Amino acid sequence: TFGDPLYFLHVQAEFGGGRQESFVLLPQVLYRYYKIFATMREWTWSYFAYAQELAFTLVAGGALLLMTIKKQLVPRYYLSYAWLAYLVPPLTGTLQSMPRYIVGILPLVMLYGLFLEKIGKFRLLMLIASVVLLLVNLALFIQGYWVA
């Protein structure tokens with residue numbers, strides 16, 4: 001219809017989500033988030049959303065690094081997919097939606113399952129934390145904040 005197979009990429013800025021049309025590497029995005037936290041004076045719900053995006057991104061990156069170091073956890077082709085799925089979304093210049101993208105990274109889901117298996121005593125605590133985060137994020141989303 002538009003004569004541009006990459007049209008979705010060329011109109012990112014028009015969506016108003018703070019995304020860029022040129023690629024931005026993950027270290028620069030992390031630096032941007034550092035500046036966000038350094039300049040915000042008071043705690044707001046936007047701050048919570050940014051912190052949650054950053055926390056999920058860092059935990060997922062650490063888990064991928066762990067799986068890369070301990071090669072016996074998952075096959076190499078799973079890791080290749082996982083790293084690509086992890087590194088592509090921040091190319092837009094923001095970590096918005098990273099929690100949503102992380103859920104689709106199968107090796108991380110497998111590692112989370114192994115983690116839950118090992119910490120059997122804390123499953124209820126993890127479930128409660130998940131439900132609380134779900135309710136808070138639902139309330140934020142209803143109020144117009146973009147949370148994934």
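Residues numbered from 1 in each chain as written. Predicted model: local features only at pLDDT ≥ 70, side-chain atom pairs only at ≥ 80, totals over all residues. Heavy atoms only, no water.

This next bit is on the overall build of the protein. Along the backbone of the protein there are seven helices and zero strands. Starting at the N terminus and walking to the C terminus, you meet the elements of the protein as α-α-α-α-α-α-α. The long-range fraction of contacts in the protein, counting pairs at least 24 apart against all pairs at least 6 apart in sequence, stands at 60%. Roughly 10,300 Å² of accessible area belongs to the protein as shown, and the carbon and sulfur atoms make up 69% of that amount. (Helix = DSSP H or I, 4+ residues; strand = E, 2+ residues; numbered from the N terminus. Contact = heavy atoms within 4.5 Å. Areas by Shrake-Rupley, 256 points an atom, 1.4 Å probe, with all protein chains shown as cover.)

Our next topic: the packing of helix H3 (residues 45–69) against helix H4 (residues 76–87). Relative to each other, H3 and H4 sit at 160 degrees, their axes nearing to 11 Å. Relative to H4, the element H3 lies roughly antiparallel. For the pair H3 and H4, the sense of crossing is left-handed. Facing H3, whose interface residues are Thr57, Leu58, Ala60, Gly61, Leu64, Leu65, Met67 and Thr68, H4 presents Leu79, Ala82, Trp83 and Tyr86. Here the residues of the contact of H3 with H4 are counted per class, giving nine nonpolar, three polar and no charged. (Axes fitted to C-alpha atoms, helices over the stretch in contact; angles between N-to-C directions. Parallel < 35°, antiparallel > 145°, perpendicular 65-115°, else oblique. Left-handed = near helix turned anticlockwise from the far one by under 90°. Nonpolar A, V, L, I, M, F, W, Y, C, P; charged D, E, K, R; others polar.)

Before going further, it helps to spend a moment on the side chain of threonine 57. Within the secondary structure layout, threonine 57 lies in helix H3. Take threonine 57: its relative accessible area is 0%, and that puts it in the buried class. Threonine 57 has contacts with Tyr86, Leu95, Met98 and Ile102, leaving out every residue within four places of it along the chain. (Buried < 20%, exposed > 50% of the residue type's maximum accessible area, 1.4 Å probe, protein only.)

With that settled, the discussion passes to the packing of aromatic side chains. Using the criterion set out here, one finds eight aromatic pairs in the structure. The interplanar angle of 55 degrees and the centroid separation of 6.3 Å between the aromatic rings of tryptophan 43 and phenylalanine 48 together place this pair among those described as tilted. Ring plane angle 80 degrees and centroid distance 5.8 Å describe the contact between tryptophan 45 and phenylalanine 48, whose orientation is recorded as edge-to-face. Of the two residues, tryptophan 45 and phenylalanine 48 both sit in helix H3, three residues apart, roughly one turn of that helix. Clustering of aromatic rings is evident, with ring pairs tying together Trp43, Trp45 and Phe48. Looking at arginine 100, its charged tip hangs above the ring of tyrosine 101, at a distance of 5.2 Å from the centre. (Phe/Tyr/Trp six-rings, centres within 6.5 Å; stacked < 30°, edge-to-face > 60°. Lys NZ or Arg CZ within 6 Å of the ring centre and 35° of its normal.)

Time to look at helix H6 (residues 106–118). The end-to-end C-alpha distance of H6 is 19 Å, a good match for the 18 Å that 13 residues give at a rise of 1.5 Å each. On the buried face of H6, the contacting elements are H3, H4 and helix H5 (98–103). (Expected span 1.5 Å × (residues − 1).)

Here the focus is the nonpolar core. A general feature of soluble globular proteins is that nonpolar side chains tend to end up buried together. With 21 residues, the main nonpolar core has Tyr33, Leu64, Met67, Tyr86, Leu95, Ile105 and Leu108 as its most contacted residues. Of all the secondary-structure elements, those providing two or more residues to this core are helix H2 (26–39), H3, H4, H5 and H6. If we skip the residues at most four places from it in the chain, tyrosine 33 touches Tyr50, Glu53, Leu54, Thr94, Leu95 and Gln96. (Core = buried A, V, L, I, M, F, W, Y, C linked by side-chain atoms within 4.5 Å.)

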